[in-house]
Amino acid sequence: MKELALNILDIAQNSIAAGASQIAIAVRESMAADQLTISVKDNGCGMEPEFLAKVTDPFTTTRKTRKVGMGIPLLKMEAEMSGGGLRIESKKGKGTSLTACFKRSHMDRPPLGDVVGTLMVLIQGAPDLEFTYTKETDQSAFQFSTAQVRALLGGVSLSEPDVLVWIRGYVEEGELELL
Amino acid sequence: MKSLEDLKKIREDMQKQMNLRAGDENRTRVVVGMATCGIAAGARPVLTAFVDEVSRRNLQQVMVTQTGCVGICRLEPVVEVFEPGKEKVTYVKLTEEKVKKIVSEHLANGRVVDAYTIGAAE
Ligand SMILES: Nc1ncnc2c1ncn2[C@@H]1O[C@H](COP(=O)(O)OP(=O)(O)O)[C@@H](O)[C@H]1O
Ligand SMILES: [Mg+2]
């Protein structure tokens, strides 16, 4: 993937496929610790421990049917190649939490890219799910939640193009105020 | 500045328009392939470009939706357009620029952009 935002899209699609009703996406950028962390948490179906153990391993995953599983191994590789790593916790029936950590200044760290574009596409495809998006720096944080917008929309779908364009503008402006 | 007031205004406009809008079966459906292959090839900006253009031109008769892998990964990003009573049109290898043209020509004015269709690519 060219940008981490596209990995986030791919990973969050796993959460949607897992039947989650709540998906929390967070991006934390620390200048002080020279770290960039992205995380996706969901309340979907979760995974059994045996499956979880295999899911981050590219060799185990590639040996399964051709269709199965490049999203997570790919992100893991990208994280490890830029001085970081990937962690997944999952409980069957409870949900899954994935965190990828990167050394911010590492030459091989992919750019973060258009995370707001990713958020727009996720909401467009699953307008009835609740998404939260948090962007954090050393000094401040911005949070957006679909629940907050939904409450003001009185039954109008979050997938309406005008609503999505508004969401993008709102989140972009909120992020600009972060320093 | 995007305010919550703007959002309320959108809600009111949408609620008025929804009463006048055709049923979903009579609207044009734009389906964007958003599997891993599509995403890697650039489907995300293609989808957001459709959303932006449909909003900007207020094309009430158009619905934008997503699907998984359409099965022609080498031609991604792939978009299918279903117009009621017409044959499906498949556009391939799309970019944001091509999307603008498809919206202004095809979706707003009913003229298929042959140059971007799968027929032209093969
Ligand atoms: N959030 C999640 N909840 C439940 N199962 C998951 C989740 N993420 C991944 N999985 C499981 O791990 C598999 C591999 O995921 P991934 O590497 O993204 O490849 P793919 O999505 O193409 O199968 C998925 O098919 C799914 O069975
Ligand atoms: Mg996946």
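Residues numbered from 1 in each chain as written. Chains lettered and ligands numbered in written order. Predicted model: local features only at pLDDT ≥ 70, side-chain atom pairs only at ≥ 80, totals over all residues. Heavy atoms only, no water.

Re the pairing of strand S4 (residues 95-103) of chain A
Residues and elements named next belong to chain A.
Now for step 1: With respect to burial, S4 is a largely interior element, 7 of its 9 residues being buried.
Now for step 2: Direction of pairing for strand S2 (residues 35-42) relative to S4: antiparallel, over a ladder of 8 bridges. Across the sheet, the residue bridging to Gln-35 is Lys-103, located in S4.
Now for step 3: With 7 bridges connecting them, strand S3 (residues 85-91) and S4 associate as antiparallel partners. Directly across from Glu-89, in S4, lies its bridge partner Ser-97.
Now for step 4: As consecutive antiparallel partners, S3 and S4 are separated by 3 residues, and within that stretch Gly-93 has a phi angle of approximately 85°, a positive value. (Buried < 20%, exposed > 50% of the residue type's maximum accessible area, 1.4 Å probe, protein only. Helix = DSSP H or I, 4+ residues; strand = E, 2+ residues; numbered from the N terminus. Pairing = 2+ DSSP bridges.)

A closer look at the confidence of the model for chain A
Now for step 1: This prediction gives chain A a mean pLDDT of 92; 93% of its residues lie at or above 70.
Now for step 2: This model gives residues 62-66 of chain A a pLDDT under 50, and the stretch forms 3 contacts once residues within four places in sequence are excluded. (pLDDT = per-residue confidence, 0-100. Contact = heavy atoms within 4.5 Å.)

A few points about the packing of aromatic side chains
Now for step 1: Taken as a whole and assessed by the stated rule, the structure comprises 3 aromatic pairs over all chains.
Now for step 2: The interplanar angle of 55° and the centroid separation of 6.4 Å between the aromatic rings of Phe-142 of chain A and Tyr-170 of chain A together place this pair among those described as tilted. With Phe-142 of chain A in strand S6 (residues 141-145) and Tyr-170 of chain A in helix H7 (residues 161-176), this pair connects stretches of sequence that are 28 residues apart. For the residue pair Phe-142 of chain A and Tyr-170 of chain A, the accessibility class agrees, reading buried in each case.
Now for step 3: Ring geometry for Trp-166 of chain A and Tyr-170 of chain A: centres 4.7 Å apart, planes at 15°, overall stacked. With a gap of 4 residues between them, Trp-166 of chain A and Tyr-170 of chain A both fall in helix H7, about one helical turn apart.
Now for step 4: Over the ring of Phe-82 of chain B we find Arg-29 of chain B, and its NZ or CZ is 4.8 Å from the ring centre.
Now for step 5: Between Lys-98 of chain B and the ring centre of Tyr-116 of chain B, over which it is positioned, the NZ or CZ distance is 5.3 Å. (Phe/Tyr/Trp six-rings, centres within 6.5 Å; stacked < 30°, edge-to-face > 60°. Lys NZ or Arg CZ within 6 Å of the ring centre and 35° of its normal.)

Description of the packing of helix H1 (residues 4-17) of chain A against helix H4 (residues 71-81) of chain A
Residue and element names in this part refer to chain A.
Now for step 1: The geometry of H1 relative to H4 is characterised by a closest axis approach of 10 Å and an angle of 145° between their N-to-C directions. Taken as a pair, H1 and H4 cross one another with a handedness that is left-handed. Taking contact as the criterion, the partners of Leu-4, Asn-7, Asp-10, Ile-11 and Asn-14 in H1 are, on H4, Gly-71, Ile-72, Leu-74, Leu-75 and Glu-78.
Now for step 2: Grouping the constituent residues of the contact of H1 with H4 by class yields 5 nonpolar, 3 polar and 2 charged. (Axes fitted to C-alpha atoms, helices over the stretch in contact; angles between N-to-C directions. Left-handed = near helix turned anticlockwise from the far one by under 90°. Nonpolar A, V, L, I, M, F, W, Y, C, P; charged D, E, K, R; others polar.)

What about helix H6 (residues 146-153) of chain A?
Now for step 1: Regarding H6 of chain A, the residues found buried are Thr-146, Val-149 and Leu-153 of chain A. Buried residues in H6 of chain A, looked at end-on, bunch into an arc of 65°, giving them a common side.
Now for step 2: Buried residues along H6 of chain A sit against helix H5 (115-125), strand S5 (130-136), S6 and H7 of chain A together with helix H1 (4-20) of chain B.
Now for step 3: Immediately downstream of H6 of chain A, the backbone of Gly-154 of chain A shows phi near 50°, a positive value. (Arc of directions from axis to C-beta.)

What to know about the environment of Ala-126 of chain A
Now for step 1: Looking at the secondary structure, you find Ala-126 of chain A in the loop between H5 and S5.
Now for step 2: With 33 residues separating them in the primary sequence, Ala-126 of chain A and Ser-159 of chain A have C-alpha atoms 7.9 Å apart.

A look at the sheet that holds S6 of chain A
Residue and element names in this part refer to chain A.
Now for step 1: A sheet is described by the order of its strands in space; here 6 strands give the open sequence S3-S4-S2-S1-S5-S6, paired in mixed fashion. Each having just a single partner strand, S3 and S6 make up the two edges of the open sheet. Within this sheet the neighbouring strands show an average axis-to-axis angle of 10°, counted without direction.
Now for step 2: Note: S5 against S6, 5 bridges, orientation antiparallel. Within S6, the position partnered with Lys-135 by the bridge is Phe-142.
Now for step 3: Contacts from H1 reach strand S1 (22-30), S2, S4 and S5, with the element oriented near 20° to S2.
Now for step 4: Packing of H7 onto the sheet brings it into contact with S5 and S6, and relative to S6 it is tilted by some 165°.

Side note on the interface of chain B and chain A
Now for step 1: Each partner contributes residues to the interface: chain B has 28 residues there, and chain A has 33 residues.
Now for step 2: When chain B packs against chain A, the two sides together hide about 2800 Å² of surface, and 63% of this comes from carbon and sulfur.
Now for step 3: For chain B, the biggest contributors to the area lost against chain A are Lys-2, Leu-7 and Arg-44 of chain B; these three give 27% of the whole.
Now for step 4: Where chain B meets chain A, there are 3 salt bridges.
Now for step 5: Its salt-bridge partner being Glu-160 of chain A, residue Arg-21 of chain B comes within 3.0 Å of it at the nearest N-O pair.
Now for step 6: Taken together, the connections running from chain B to chain A amount to 14 residue pairs in polar contact (both at pLDDT 80 or more).
Now for step 7: It is H1 of chain B that contributes the most residues to the side of chain B that touches chain A, 9 residues altogether.
Now for step 8: Split into classes, the residues belonging to the side of chain B that touches chain A amount to 14 nonpolar, 7 polar and 7 charged. (Buried area = accessible area lost by both parts, 1.4 Å probe. Salt bridge = Lys/Arg side-chain N within 4 Å of Asp/Glu carboxyl O. Polar contact = N/O pair within 3.5 Å; in protein donor to acceptor, adjacent residues only side chain to side chain.)

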